[in-house]
Amino acid sequence: MSGGASRLPPKFDALDPEVLRDPYPRYRELRDAGPLCRGAPGTWMVTRYAEVQALLTHPALTNSLPRGAARDLPLFGTGPAGELSGRMMSALDGADHDSVRRVVRNRISPAAVATLRGFAAEAAARLLQPHADGTPFDLVGDFAYPLQAEVVARLIGLSGEDRTLVWPPALRLGRTFIPYRIPTADQVGKADEITTALRSLLGERLAERTTAPREDLLTDFARAVAEGRISRELAVDNLVFLCFAGFETTMNVLGSVNELLPSRSGQWRLLTGDRGLIPSAVDELLRFDAPAQYTIRLTSAPLPVGDRVLRPGRMVLLMMGSANRDERRFADPDRLDVRREDLRHVAFGGGPHHCIGRALGRAVCEEAIGALVTRFGELDLAAEPVRALHPNFRAHESVPVLGRPR
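Residues numbered from 1 in each chain as written. Predicted model: local features only at pLDDT ≥ 70, side-chain atom pairs only at ≥ 80, totals over all residues. Heavy atoms only, no water.

### Some remarks on the overall build of the protein chain
Just so we agree on the cut-off: In this text, helices come from DSSP runs of H or I with a minimum length of four residues, and strands from runs of E with a minimum of two, each type numbered from the N-terminal end. To get the radius of gyration, use the C-alpha atoms; to get the globule rule, take the number of residues to the power 0.38 and multiply by 2.2 Å. The buried label applies to any residue whose accessible area, calculated with a 1.4 Å probe on protein chains only, is under 20% of its type's maximum; exposed applies above 50%, and partly exposed to all values in between. We call two residues in contact when some of their heavy atoms are within 4.5 Å. For the accessible areas, the method is Shrake-Rupley and the probe is 1.4 Å, while residue cover comes only from the protein chains on display.
When helices and strands are tallied, the protein chain shows 15 helices and 13 strands. The C-alpha radius of gyration of the protein chain comes to 21 Å, within 12% of the 22 Å expected for a compact globule of 406 residues. In terms of overall dimensions, the protein chain has C-alpha extents of about 60 × 55 × 40 Å along its principal axes. The proportion of buried residues among the 406 residues of the protein chain is 55%. For the protein chain, the share of sequence-separated contacts (at least 6 apart) that also reach a separation of at least 24 residues comes to 74%. On the protein chain, roughly 17,200 Å² of surface is accessible, and the fraction owed to carbon and sulfur atoms is 53%.

Here it is as structure tokens:
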């Protein structure tokens, strides 16, 4: 329970079918009622921009509870998936979190991102080449997915053969970590099976780098393990984590390009007339339909939000998707506008757990959209997009498009 006001805020059901299809009307209702709403037992959601932005860096919010706390048991138990859920970067705090992020950050420095940007531009152009004759293609399956697979494989240091073994199961695993409901025994078993297989493959590649180093993230992790900066278990599990965490933002943003097309907003024509709008278009897509709708924190001390005080040990979901549509912060927030000037959205989170790959994600999205603009004089939907219904990820299963080559 929470101290403060006696009147309970409204409830939010993220698994409501209408919300899964389009959460934004419900978000508006919740924001109008106040900055806070209730979720599952012991869970609160923060919906307004000002409060979400402030709480992203609040010291009373943490990503983990002390060992022995009542809620310490992972949702996926104590098997491989449960261990992974507690070791991946987004769940760590303190020295382990800093050590793992430091290894990854060194591999995505500005210079490294510039190199990967060039690689992404080349890969995007190559992936669009088979569609130069104007045949329909899937913006997700034929373009966004293989593009991001190539970029993340280059970053980590995986071969083409490894990609086919890693990413289909890694994506399934990433979308299984849903905090709204306790997973079934079957879901836990499948997650354990995928985790075990990915650990085995990535562990082998990590071991190979100890004797045959390369310029990749596997080598950086191998070196950190050899020098005692992180444990081998942390290295392997965070490589697994990066295999799925490195996909969602870019894939989801590129899927939401359908919102720019003539069948939707018609904003695509602005980009074809002015390529200088592509960076702001990427940020506007991030704001308009945040790839991850929330980020999770836990209260480690009493936390005032609005007219209530949340007790320690409560789960808090900072609703970035709602905050980015807050009319108190953005003018006409439900309108997509690639010429919008004030784009300080919170789609990448904030504080010590902000999205570490945001610069790379932006670069890949910009090059991908640039390649589409270069290849096609016109681009529009060939069929209705198919959403992947998920309480956190605003993703598409498929976005069929038809382009007219320049």
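### What about the pattern of salt bridges?
Going by this rule: Put simply, a salt bridge is a Lys or Arg side-chain nitrogen that is within 4 Å of an Asp or Glu carboxyl oxygen.
Per the counting criterion, the structure on display carries 37 salt bridges. Across the pair D186 and K190 runs a salt bridge whose closest N-O atoms are separated by 3.3 Å. Taken together, the residues span about one helical turn, with D186 and K190 both in helix α9 (residues 185–211) at a distance of four residues. Owing to a relative accessible area of 47%, D186 belongs among the partly exposed residues under this scheme. We note a salt bridge from D237 to R199, for which the minimum N-O separation is 2.8 Å. Of this pair, D237 sits in helix α11 (residues 232–255) while R199 sits in helix α9, and the two are 38 residues apart along the sequence. In terms of burial, D237 and R199 fall into one category: buried. Bridged by salt links that share partners, the residues R28, R31, D32, R325, D326, E327, R328 and D334 form one connected network.

### What about the packing of helix α4 (residues 80–87) against α9?
The condition that has to hold: Lines are fitted to the C-alpha atoms to define the axes, a helix being fitted only along its stretch in contact, and any angle between axes, read from their N-to-C directions, falls within 0 to 180 degrees. For classification purposes, an angle smaller than 35 degrees is called roughly parallel, one larger than 145 roughly antiparallel, one from 65 to 115 roughly perpendicular, and anything else oblique. Only Asp, Glu, Lys and Arg are considered charged in this grouping, and only Ala, Val, Leu, Ile, Met, Phe, Trp, Tyr, Cys and Pro are considered nonpolar; every other residue, Gly among them, is considered polar.
Across the interface, α4 lies against α9 with an axial gap of 7 Å and an inter-helix angle of 70°. For the element pair α4 / α9, the angle class is roughly perpendicular. Residues P80, A81, G82, E83, L84 and R87 of α4 form the contact with α9, whose participating residues are A191, D192, T195, T196 and R199. Classifying every residue of the contact of α4 with α9 gives four nonpolar, three polar and four charged.

### Here we look at the packing of aromatic side chains
Note the following rule: For this analysis, a ring pair means two rings from Phe, Tyr or Trp (six-membered ring only for Trp) whose centres lie within 6.5 Å, classed as stacked if their planes differ by under 30 degrees, edge-to-face if by over 60, and tilted for the remaining angles. Two conditions define a charge located above a ring, namely a distance within 6 Å from the ring centre to NZ of Lys or CZ of Arg, and an angle within 35 degrees of the ring normal.
As enumerated under the stated definition, the model contains five aromatic pairs in all. Ring centres of Y24 and Y27 lie 5.6 Å apart, and the angle between their planes is 80°; this geometry places the pair in the edge-to-face category. Here Y24 pairs with Y27, and both are found in helix α2 (residues 24–33), just three residues apart, close to one helical turn. Like Y24, the residue Y27 is buried in the burial classification. Aromatic side chains Y49 and F330 sit 5.6 Å apart centroid to centroid with 90° between the ring planes, which places their arrangement in the edge-to-face category. Of this pair, Y49 sits in helix α3 (residues 49–55) while F330 sits in the loop between α14 (320–323) and α15 (358–375), and the two are 281 residues apart along the sequence. Taken individually, Y49 and F330 each receive the classification buried, so the pair is uniform in this respect. One aromatic cluster is present, formed by F12, Y24 and Y27 through successive ring pairs. Across the ring face of Y49, the terminal group of R329 is positioned such that the distance to the ring centre comes to 5.0 Å. Looking at R329, its charged tip hangs above the ring of F330, at a distance of 4.9 Å from the centre.

### A closer look at unusual backbone geometry
Positive phi outside glycine occurs at D332, with the angle close to 50°. As for its placement among the helices and strands, D332 is situated in the loop between α14 and α15.

### Things to note about the nonpolar core
Stated formally: Buried residues of nine kinds, namely Ala, Val, Leu, Ile, Met, Phe, Trp, Tyr and Cys, make up a nonpolar core once their side-chain atoms join them within 4.5 Å.
The biggest cluster of nonpolar side chains holds 95 residues, and the ones touching the most others in it are F143, L147, F221, W268 and I369. In terms of residue count, the dominant contributor to this core is α11 (13 residues). In this view, I369 contacts L254, V257, W268, L271, I278, V282 and L285; residues no more than four positions away in its chain are not counted. The next biggest cluster of nonpolar side chains, apart from the first, holds 18 residues, and it includes W44, V52, A60 and M320.

### Side note on the packing of helix α5 (residues 94–107) against helix α10 (residues 217–226)
Just so we agree on the cut-off: What makes a crossing left-handed is the near helix being turned counterclockwise from the far one by less than a right angle; a clockwise turn instead makes it right-handed.
At a minimum axis separation of 10 Å, α5 and α10 run at an interaxial angle of 145°. By crossing handedness, the relation of α5 to α10 is classed as right-handed. Within the contact between the two elements, α5 uses V100, V103, V104 and R107 and α10 uses L217, D220, F221 and A224. Of the residues assigned to the contact of α5 with α10, the class counts are six nonpolar, no polar and two charged.

### Some thoughts on the environment of L217
Tracing the chain through its elements places L217 in helix α10. Once the C-alpha coordinates of L217 and R105 are considered, the two residues, 112 residues apart in sequence, prove to be 9.9 Å apart. When neighbours within four sequence positions are excluded, L217 is seen to be in contact with V103, V104, R107, L155, I156 and L242.

### Considerations on the sheet that holds strand β2 (residues 36–38)
Note the cut-off: Strand pairing is defined by DSSP finding a minimum of two bridges between the two strands.
One open sheet accounts for five strands, arranged β2-β3-β9-β6-β4; its pairing is mixed. Each having just a single partner strand, β2 and β4 (61–62) make up the two edges of the open sheet. Pairing between strand β3 (residues 43–46) and strand β9 (residues 315–318): four bridges, direction parallel. Paired with W44 across the strands is V316, a residue of β9.

### So, the sheet that holds strand β10 (residues 376–381)
In space, the three strands of this open sheet follow the order β5-β13-β10, with antiparallel pairing throughout. The sheet is open, and its two edges are formed by β5 (137–138) and β10, each paired on a single side. Where β5 and strand β13 (residues 400–405) come together, two bridges link them in antiparallel fashion. Across the sheet, the residue bridging to F137 is V401, located in β13. Strand contacts of α15: β5, β10 and β13, with the helix running at about 110° to β10, the strand carrying the most contacts.

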